[in-house]
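A structural walkthrough
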Amino acid sequence: MQSAVFLALQHDGGRMERGRRRSEAEEAEKGRMKRTIIKDWKTRLSYFLQNSSNSTKMKSKKVGKHRKYFRPSPEEAQLWSEAFDELLANKYGLAAFRAFLKSEFCEENIEFWLACEDFKKTKSPQKLTSKAKKIYNDFIEKEAPKEINIDFQTKNMIAQNIQEATHTCFSAAQKRVYSLMENNSYPRFLESEFYQELCKKTPITRAAQGT
């Protein structure tokens, strides 16, 4: 009887030890994945910032200056949480948000919104028509490479509107996508490790204090 109890206790102890080791391994894996995700977001952000600043860099070179682009300050990053428009109006914020959406595999929403913003600024009727068709082919039609999530009725309305393109062709769809990002992706972005990292203030070192 005692040996049976001993074996049972030994079995339970072994099971608990295996459970503890598995839990530690899972925590270590979560930590590794977290570091990988943050590193990936930083890489994507750097890529987007470089792309978004290319035209400005070219202008700087013309006047003999080479302008460098740095990570936004914590204070600047914190402003993005005040309103979704604050985030979109800031080039660093927009780049960070695009990188975040890319990590969530839904970057087509911000790309469509940006395409619409560019479309509304187009003055040439010929360019307006060609851009309208491209936006439709890229984002609206069934099985488009970057198809956005809008209802069938809105899709049909757009298909009819682009036959005689105007600046309001995509207004309904753009509002829908904006609302989707504001209510879903934006709150997740603000809660993300990546955004929290940007908001952290770098501790002042003794060496920095002495300079």
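Predicted, not measured: the structure shown is a model, and the values here were computed from it.

Some details on the overall build of the protein
- Across its full length, the protein carries eleven helices and zero strands.
- Seen in sequence order, the protein has helices and strands lined up from the N terminus as α-α-α-α-α-α-α-α-α-α-α.
- Within the protein, contacts between residues separated by at least 24 positions form 60% of all contacts whose residues are at least 6 apart in sequence.

Some remarks on the nonpolar core
- In this structure, Trp80, Phe97, Phe112, Ile140, Phe170 and Phe189 are the most contacted members of the largest nonpolar core, which totals 42 residues.
- For this core, the leading source of residues is helix 9 (residues 171–191), giving seven residues.
- Those residues in contact with Phe170 that lie beyond four places of it in its chain are Phe112, Cys116, Phe119, Ala132, Ile135, Tyr136, Ile140, Ile158 and Ile162.

As for the packing of aromatic side chains
- Under the definition given, this model contains ten aromatic pairs.
- Chaining the aromatic ring pairs together yields one cluster made of Trp80, Phe84, Phe97, Phe100, Tyr178, Tyr186, Phe189 and Tyr195.

A look at helix 8 (residues 152–161)
- All buried positions along helix 8 are accounted for by Thr154, Lys155 and Ile158. Down the axis of helix 8, the sector holding all buried residues measures 100°, keeping them to one side. Across helix 8 from its buried face, at more than 90 degrees, point the exposed residues Phe152, Gln153 and Gln160.
- Here helix 8 starts with a cap whose side-chain oxygen sits 3.2 Å from the backbone nitrogen of Gln153, and that cap is Asp151.

Points about the pattern of salt bridges
- Under the criterion given, the structure shown has eight salt bridges.
- Lys146 is paired through a salt bridge with Glu111; the nearest N and O atoms lie 2.9 Å apart. Of this pair, Lys146 sits in the loop between helix 7 (125–140) and helix 8 while Glu111 is found in helix 6 (residues 108–120), placing the two residues 35 residues apart along the sequence.
- Look at Lys146 and you get partly exposed, because its relative accessible area is 37%.
- Taking the shortest distance from any N to any O, the salt bridge between Lys131 and Asp118 comes out at 3.0 Å.

Focus on the confidence of the model for the protein
- With 64% of its residues at a pLDDT of at least 70, the protein reaches an overall mean of 79.
- For the protein, helix 2 (residues 54–62) is the element with the lowest average pLDDT, namely 43, and helix 6 is the one with the highest, namely 97.
- Counting interchain partners and residues more than four positions distant, the pLDDT-below-50 stretch residues 52–69 has eleven contacts.
- Here residues 205–211 is modelled with pLDDT under 50, and outside its nearest four sequence neighbours on either side it reaches one contact, counting other chains as well.

Considerations on the side chain of Glu108
- With respect to the element layout, Glu108 can be found in helix 6.
- Of the side chains with opposite charge, Lys146 lies nearest to the buried Glu108, which makes no salt bridge, at 8.9 Å.
- When near neighbours in sequence (up to four residues on either side) are disregarded, Glu108 contacts Phe139, Lys146, Glu147 and Ile148.

A word on helix 7
- Taking 1.5 Å per residue, 16 residues should reach 22 Å; helix 7 reaches 21 Å between its end C-alpha atoms and fits that length.
- Where helix 7 is concerned, the buried positions are Leu128, Ala132, Ile135, Tyr136, Asp138, Phe139 and Ile140.
- As for helix 7, its buried residues are in contact with helix 6 and helix 8.

About the criteria used
- Residues numbered from 1 in each chain as written.
- Predicted model: local features only at pLDDT ≥ 70, side-chain atom pairs only at ≥ 80, totals over all residues.
- Heavy atoms only, no water.
- Helix = DSSP H or I, 4+ residues; strand = E, 2+ residues; numbered from the N terminus.
- Contact = heavy atoms within 4.5 Å.
- Core = buried A, V, L, I, M, F, W, Y, C linked by side-chain atoms within 4.5 Å.
- Buried < 20%, exposed > 50% of the residue type's maximum accessible area, 1.4 Å probe, protein only.
- Phe/Tyr/Trp six-rings, centres within 6.5 Å; stacked < 30°, edge-to-face > 60°.
- Arc of directions from axis to C-beta.
- Polar contact = N/O pair within 3.5 Å; in protein donor to acceptor, adjacent residues only side chain to side chain.
- Salt bridge = Lys/Arg side-chain N within 4 Å of Asp/Glu carboxyl O.
- pLDDT = per-residue confidence, 0-100.
- Lys, Arg positive; Asp, Glu negative; His and termini not counted.
- Expected span 1.5 Å × (residues − 1).

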